[in-house]
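Report on the structure
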Amino acid sequence: MREQPILEVRNLQKQFGEGCRHCLDPETRQLEKNFCSYCGTVYAVHDVSFDLYPGEVLGVVGESGSGKSTMLQGLYFDTDLASGEVYINEPMLAGQNVLTLSSQQKRYIRNYIYGMVYQNPLDGLKMKFSSIGNIAEKMIAAGSRHVGDIEARSKTLLEDVHIPLRRMKEEPRNFSGGMQQRVQIAKALSNNPPILFLDEVTTGLDLSVQASVLDLIKQIQRELHISMIVVSHDLAVIRMLADRSIVMLNGTIIEKGLTDQILEDPQHEYTQQLVYSLL
Amino acid sequence: MQTKPHFAFFDEGSKKEIRRATLKAVAIPGYQVPFASREMPIARGWGTGGLQLTLSLIGKKDVLKVIDQGADESVNAVSIKKLVRHTTGVALTDQTAEANIIQSRHRIPEEPLRDDQILVLQVPNPEPLRKVDAREYMTKRMHAEDDYSGAWLILFEQIIKYQKMTTGAAHPVYVNGRYVMAPSPIPRFDNPKMHASDALILLGAGREKKIYAVPPYTKVESLAFEDFPFTKESFQGKQCNLCGAEDVFLDEIINQATGDRIYQCNDTSYCVDRLNHSEEKEVENSYA
């Protein structure tokens, strides 16, 4: 029997701008990368479809501006997508395109089913609240109203991400970038989400911190069997984390397959260039 | 040349606009209704929200009581009373029972209110989520989506830092199971008085241009955690040094010279009332 994907993504579209007669028809449009030079419309995500299976890590690679983050923000409901369908294999959401749900229901999904680690910790953390408070926020949002329970769980998570407990009452703005990123990861994991999104988690961190954050993600994946989508422009990160990968260029998927296969035998011209520039 | 002021200071159009906002507020308990806060002869932040509510509601037969931090005689209360009297000629009172409109800052009177009375509270900061996000459009969205994790988070942070909830005033409340509301800076002691109140409670924020309401007999719950329940300020074992009242909100007065502490009713008219009653009894007894 074939395994059921936990997340099915079909034909995502996201554009910035109205579009004009030169670019509205996808068959005939002539774009400069993803940009219509007549009306200035940007087609950020175009016809993106993929499946995410339980316990799997899916890598998304591509150059900056290729629509990776926009796609992820769309999936996490941070930005509205123009069209497309997303199905989550959870009993209460079966058969429903979650993009069309009400904002309350989307919030439910964010609080109970999704976890998100942003590239910039400023987006994912409240810098004026303590680290433990930041983790608590997500648990409170998911209905927990017991201080003792929240505190115990937050402490476990902080230990898991190697943040000394003596600093748990400190605000993350006092922390280094790597520590902030680890607080974000702890927050995203706080209510055991079945699906975790990681957006350029190690970009901008120095190498040793990068290694420890990657280690942590690997460990989480092994122990908790969380399905993850890892967005990165860094092929080394993708190679280390992802089982399967998709390559994006100008808002579309140009190649998908096993990560090793893509890296060993890239088919698309751009992927070839990307892989060779790694060496 | 001084022209005669319009009844209750406002033109009728202004009163109507404020009343419309008030009606909407009553219809959606705890929801902050924006309104066009008028320029007033007192500065914003000095009770203009409450004053505008009072002036839009008051009629010639009404009796008004104004309290400021529990006292009828403090400057702010006296100025507001003078302004309303000057523009309406209504009767003023110190007696909670006699008034049918009670405008208050920071307190709900000790004496239980009745269903023919309206309590008007002055509010400096109507937004319980302001600390969570400084942007109005974000807090509005949180209210719309019933997303109050931030309100609990503020309390959680206090518990983590100080092992208890440290809200000195304006402890947030859940109104009718839907909107989280700042009950104006009343002490936690007064929060339970809002629950299923006989009187209509109106709250006005002049500077922030918001009106909201707790209609009579509405469920009002103070936010709390399962293992950290909501508690009132406790004055156990203490009583008013003038009237001997217990189980009321007491002011602590420290004698600078000796360092002694005495306690006194914060609600002055309640205290005076009790003193008068006990004196009457004394007189009766001495005659007998």
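A quick note: this is a predicted structure, and the numbers were derived from the prediction, not measured. (Residues numbered from 1 in each chain as written. Chains lettered and ligands numbered in written order. Predicted model: local features only at pLDDT ≥ 70, side-chain atom pairs only at ≥ 80, totals over all residues. Heavy atoms only, no water.)

Overview of the interface of chain A and chain B
Listed per partner, the contact involves 20 residues of chain A and 19 residues of chain B. Summing both partners gives a buried area of about 1,900 Å² for chain A against chain B, and 65% of it is carried by carbon and sulfur. Of all residues in chain A, Phe-129, Arg-145 and Val-147 of chain A give up the largest surface area on contact with chain B, accounting jointly for 34% of the area buried on that side. The interface formed by chain A and chain B contains 2 salt bridges. Two residues, Arg-107 of chain A and Asp-147 of chain B, come together in a salt bridge whose shortest N-O distance is 2.7 Å. Linking chain A with chain B are 9 residue pairs in polar contact (both at pLDDT 80 or more), by the criterion used here. When residues of the side of chain A that touches chain B are traced back to their parent elements, those giving at least two are helix 2 (103–112), helix 4 (131–141) and helix 5 (147–160) of chain A. At 6 residues, helix 4 of chain A tops the list of elements feeding residues into the side of chain A that touches chain B. When grouped by side-chain class, the residues that make up the side of chain A that touches chain B number 7 nonpolar, 6 polar and 7 charged. (Contact = heavy atoms within 4.5 Å. Buried area = accessible area lost by both parts, 1.4 Å probe. Salt bridge = Lys/Arg side-chain N within 4 Å of Asp/Glu carboxyl O. Polar contact = N/O pair within 3.5 Å; in protein donor to acceptor, adjacent residues only side chain to side chain. Helix = DSSP H or I, 4+ residues; strand = E, 2+ residues; numbered from the N terminus. Nonpolar A, V, L, I, M, F, W, Y, C, P; charged D, E, K, R; others polar.)

Structural notes on the side chain of Thr-96 of chain B
Relative to the elements of secondary structure, Thr-96 of chain B occurs in the loop between strand 3 (91–92) and strand 4 (101–105). Among all residues touching Thr-96 of chain B, those that are not within four sequence positions of it are Lys-65, Ile-102, Pro-109, Glu-111, Leu-113, Gln-117 and Ser-269 of chain B.

Considering the pattern of salt bridges
All names here are of chain B. Using the criterion set out here, one finds 31 salt bridges over all chains in the structure. Put simply, Arg-107 and Asp-190 hold a salt bridge, and the shortest N to O gap is 2.6 Å. You can see Arg-107 sitting in the loop between strand 4 and strand 5 (118–122) and its partner Asp-190 sitting in the loop between strand 7 (179–181) and helix 6 (191–194), a full 83 residues away along the chain. Its relative accessible area of 0% is what places Asp-190 among the buried residues. Between Asp-133 and Arg-135 there is a salt bridge, and its shortest N-O distance comes to 2.9 Å. Bridged by salt links that share partners, the residues Arg-107, Glu-110, Asp-190 and Lys-193 form one connected network. (Buried < 20%, exposed > 50% of the residue type's maximum accessible area, 1.4 Å probe, protein only.)

Observations concerning the UniProt feature "domain: ABC transporter" (unreviewed entry) in chain A
Under the local residue numbering, the UniProt record ascribes the feature "domain: ABC transporter" (unreviewed entry) to residues 26–275 of chain A. Secondary structure content for residues 26–275 of chain A is 39% helix and 20% strand, and the end C-alpha separation is 29 Å. (UniProt positions renumbered as here; feature names shortened; annotations may be inferred.)

What about the packing of helix 4 of chain A against helix 6 (residues 177–189) of chain A?
In a pair of packed helices, the angle between the axes and the distance between the axes together describe the arrangement. Residue and element names in this part refer to chain A. Direction vectors running N to C along helix 4 and helix 6 enclose 30°, while the axes themselves pass 8 Å from each other. Relative to helix 6, helix 4 is oriented roughly parallel. Seen from above, helix 4 lies across helix 6 with right-handed handedness. Side by side, helix 4 and helix 6 meet where Ser-131, Asn-134, Ile-135, Glu-137 and Lys-138 of the first sit next to Val-183, Ala-186, Lys-187 and Ala-188 of the second. (Axes fitted to C-alpha atoms, helices over the stretch in contact; angles between N-to-C directions. Parallel < 35°, antiparallel > 145°, perpendicular 65-115°, else oblique. Left-handed = near helix turned anticlockwise from the far one by under 90°.)

Details of the pairing of strand 5 (residues 114–117) of chain A
All names here are of chain A. Residues Tyr-114 and Met-116 of strand 5 are buried on one face, and the alternating residues Gly-115 and Val-117, pointing to the opposite face, are buried as well. Relative to strand 6 (residues 195–199), strand 5 runs parallel, the two sharing 4 bridges. Note on strand 6: the bridge partner recorded for Val-117 is Leu-198. (Pairing = 2+ DSSP bridges.)

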